[in-house]
Amino acid sequence: MNHQFPDHLVKSVERRVTGRACSNVALAKYWGKRDVSLNLPYTGSLSVTLDGLETTATVEIESGKTSRTILNGVLTSGPEADRIRGFLDLVRLAAGSRSVASAELASNFPVAAGIASSASTFAALAVAAAAAYGVSLTATQLSILARRGSGSAARSIFGGYTEWLPGEASDGTDSFAVRLAEPEHWRLGIAVVITNERPKSVGSRSGMAHAAKTSPFFPAWLTSHEDDLADIRRGILDRNLTLVGETAEHNCLKMHAVSLTSRPALLYWKPATLAVIETVYELRAGGIEAYFTIDAGPQVKVLCANEQIGIVAAALANAPGVKRVLRSGPGNDAHVVEAA
Ligand code: 2P0
């Protein structure tokens, strides 16, 4: 890790830095790792950063003290805290510091329920921790760092439309996200449909490892992925909702087909998830272009023209079992909010 942060980049240490990052939704998904410890994917993935669905991370360096982890106001220990501490240690070691850091994290949306809270969490932590330890990183280096915390976090460093390049190197130095387009390029409407606020039973990390190992469809997932990436990339650059939406739906259904055909099977959907899919089909039959995508959980994200998000969100809110609908669109870059 040290070689990515040469000595001359290590500046003076800020004691307390707050960073913020948006979650993201993948249109072509990351599902399967070629290296588990470095979060290196088999395939590329492509996402939109979600405006308004944010995690705020405050990193405080306290020499001579033990590290604390506070998640949404609760002092936390166990695997979740260990993962955050391990991540902060990567930055501490890169900075050559002996002082451990504490982290306080707050997300304004349901965490661990399939809205990529780990993406915004580790992207926000990356910008805050690098600044707190005085390590000056480019956006590419921040993306590589965020990826170490959670793969999807590599994409949340950038606002707008982002592609995570899988890379080939075994040390992950060529596996980072790049910006495809700024948020202003295409103000897509994105409705985030919450069907269940409870944490899911099988997280993405173990889910994708299980699917890669046991689903007979996994090889087909890998070989057909590049075409989806190419179509969605082109669709974004052309602002072509039909191409992006149809391909994103197809890619999402393949990811869930892989999960469903794992042994034992992984079913992330709830009855309300299917009710939302049917509502999307009805909207389309009625002439309103809307497309769904679903990550490793029961929530659904629906893409539409920004001018139609009001009609789309109202229809989705009426689907049986839906708890609430958040309105979003392409969000901004991860950034430092405050440093002291
Ligand atoms: C994605 N997901 O591309 C895919 C689609 C969920 C379904 O990235 O093990 O939390 O921390 O690298 O990033 C969620 O997986 O997994 C995810 P780790 P992560 O958004």
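These figures come from a predicted structure and were not determined experimentally. Residue indices begin from 1 for each chain and proceed along its sequence in written order. For this predicted model, a pLDDT threshold of at least 70 governs which residues receive local features, and a threshold of 80 or more governs which side-chain atom pairs are given and counted, while totals over whole chains, interfaces and linings are taken from all residues. Hydrogens and water are ignored here; the side-chain numbers use all heavy atoms of the structure.

**Details of the packing of aromatic side chains**
At step 1: Aromatic contacts are taken between Phe, Tyr and Trp rings whose centres are within 6.5 Å, Trp giving its six-membered ring; a plane angle under 30 degrees counts as stacked, one over 60 as edge-to-face, and the others as tilted. Applying the stated criterion across every chain, the model contains six aromatic pairs.
At step 2: Between Y42 and F218, the ring centres sit 5.7 Å apart and the planes meet at 65°, which makes this aromatic pair edge-to-face. Here F218 lies in helix α6 (residues 218-237) and Y42 lies in the loop between β3 (40-41) and β4 (45-61), a separation of 176 residues in the sequence.
At step 3: The buried category is assigned to F218, whose relative accessible area is 5%.
At step 4: Ring centres 5.2 Å apart and planes at 75° place the aromatic pair F87 and F122 in the edge-to-face group. A residue pair is termed long-range when its members are at least 10 positions apart, and F87 in helix α1 (residues 79-95) and F122 in helix α2 (residues 117-132) qualify at 35 residues.
At step 5: For F87, a relative accessible area of 2% gives the class buried.
At step 6: Judged by its relative accessible area of 4%, F122 falls in the buried class. Here a strand is any run of E in DSSP of at least two residues, a helix any run of H or I of at least four, and the numbering for each starts at the N terminus. Throughout, exposure labels follow a simple rule: accessible area from a 1.4 Å probe, protein chains only, divided by the maximum for the residue type, with under 20% read as buried, over 50% as exposed, and the rest as partly exposed.

**A word on the environment of L125**
At step 1: As for its position among the elements, L125 is in helix α2.
At step 2: Taking the C-alpha atoms as reference, L125 lies 41 Å from E282; in sequence the two are 157 residues apart.
At step 3: Contact criterion: two residues are considered in contact whenever any of their non-hydrogen atoms come within 4.5 Å of each other. Setting aside residues no more than four positions away along its own chain, L125 makes contact with A57, V59, I84, F87, L88, A103, L105 and A130.

**A few points about the site of the ligand**
At step 1: Here, proximity means that at least one heavy atom of the residue falls within 4 Å of the molecule or strand. In the neighbourhood of the ligand, 18 residues make up the surrounding shell, with Y30, K33, S150, S152 and R205 lying closest.
At step 2: Polar contacts, as used here, are pairs of N or O atoms within 3.5 Å; protein pairs need one atom able to donate a hydrogen and one able to accept it. Residues neighboring in sequence count only if both atoms are side-chain atoms. Y30 places a side-chain nitrogen or oxygen 2.6 Å from an oxygen atom of the ligand.
At step 3: In this structure, S118 approaches the ligand through a side-chain N or O atom, which is 2.8 Å from an oxygen atom.
At step 4: When the ligand sits alone it has 470 Å² of accessible area, and the protein chains cover 95% of it.
At step 5: If you tally residues by element for the shell around the ligand, the top one is helix α5 (residues 204-214), at three residues.
At step 6: In terms of residue class, the shell around the ligand is built from six nonpolar, six polar and six charged.
At step 7: The domain boundaries here were taken from an automatic or database domain assignment. Residue contributions to the shell around the ligand reach at least three from each of two domains, namely domain 1 (7-184 + 332-339) and domain 2 (189-328). To measure how exposed things are, a 1.4 Å probe is used in the Shrake-Rupley method; for residues, cover is taken only from the protein chains shown. For this scheme, ten residues count as nonpolar: Ala, Val, Leu, Ile, Met, Phe, Trp, Tyr, Cys and Pro. Four count as charged, namely Asp, Glu, Lys and Arg, and the remainder, Gly too, count as polar.

**Looking at the nonpolar core**
At step 1: Buried Ala, Val, Leu, Ile, Met, Phe, Trp, Tyr and Cys residues that are joined via side-chain atoms within 4.5 Å together make up what is termed a nonpolar core. Counting 49 residues, the largest nonpolar core has W31, V59, I84, L88, L125 and I157 as the members making the most contacts within it.
At step 2: Ranked by residue count, the leading element in this core is α2, at ten residues.
At step 3: Residue assignment places this core across two domains, with domain 1 (7-184 + 332-339) and domain 2 (189-328) each supplying three or more.
At step 4: F109, I194, L229 and I236 belong to the second largest nonpolar core, which has 24 residues in total.

**Quick word on the pairing of β4**
At step 1: With respect to burial, β4 is a largely interior element, 13 of its 17 residues being buried.
At step 2: Sheet analysis places strand β1 (residues 16-28) next to β4, joined by twelve bridges and oriented antiparallel. Pairing of G19 across the sheet is with A57, part of β4.
At step 3: Examined bridge by bridge, β4 and strand β8 (residues 161-164) share four bridges and lie antiparallel to one another. If DSSP finds at least two bridges between two strands, the strands pair.

**Focus: the domain arrangement of the protein chain**
At step 1: Annotation of the protein chain at the domain level lists domain 1 (7-184 + 332-339) and domain 2 (189-328).
At step 2: Computed over C-alpha atoms only, the centres of domain 1 and domain 2 are separated by 24 Å.
At step 3: Counting from both sides, the interface comprises 31 residues of domain 1 and, opposite them, 42 residues of domain 2.
At step 4: Here the buried area means the combined drop in accessible surface, using a 1.4 Å probe, for two parts upon being joined, counting both sides. Across the interface of domain 1 and domain 2, roughly 3000 Å² is buried in total on both sides, 70% from carbon and sulfur atoms.
At step 5: Any carboxyl oxygen of Asp or Glu that lies within 4 Å of a side-chain nitrogen of Lys or Arg is treated as forming a salt bridge with it. For the pair domain 1 and domain 2, the interface holds two salt bridges.
At step 6: Of the charged contacts in the structure, one is a salt bridge between K29 and D295, with a shortest N-O distance of 2.5 Å.
At step 7: Our enumeration of links across domain 1 and domain 2 arrives at eleven residue pairs in polar contact (both at pLDDT 80 or more).
At step 8: Looking at the side of domain 1 that touches domain 2, the elements with two or more residues in it are β1, β4, β8 and β9 (177-181).
At step 9: Here the side of domain 1 that touches domain 2 gets six residues from one element, more than from any other, and that element is β4.
At step 10: Taken together, the residues that form the side of domain 1 that touches domain 2 break down as 18 nonpolar, eight polar and five charged.

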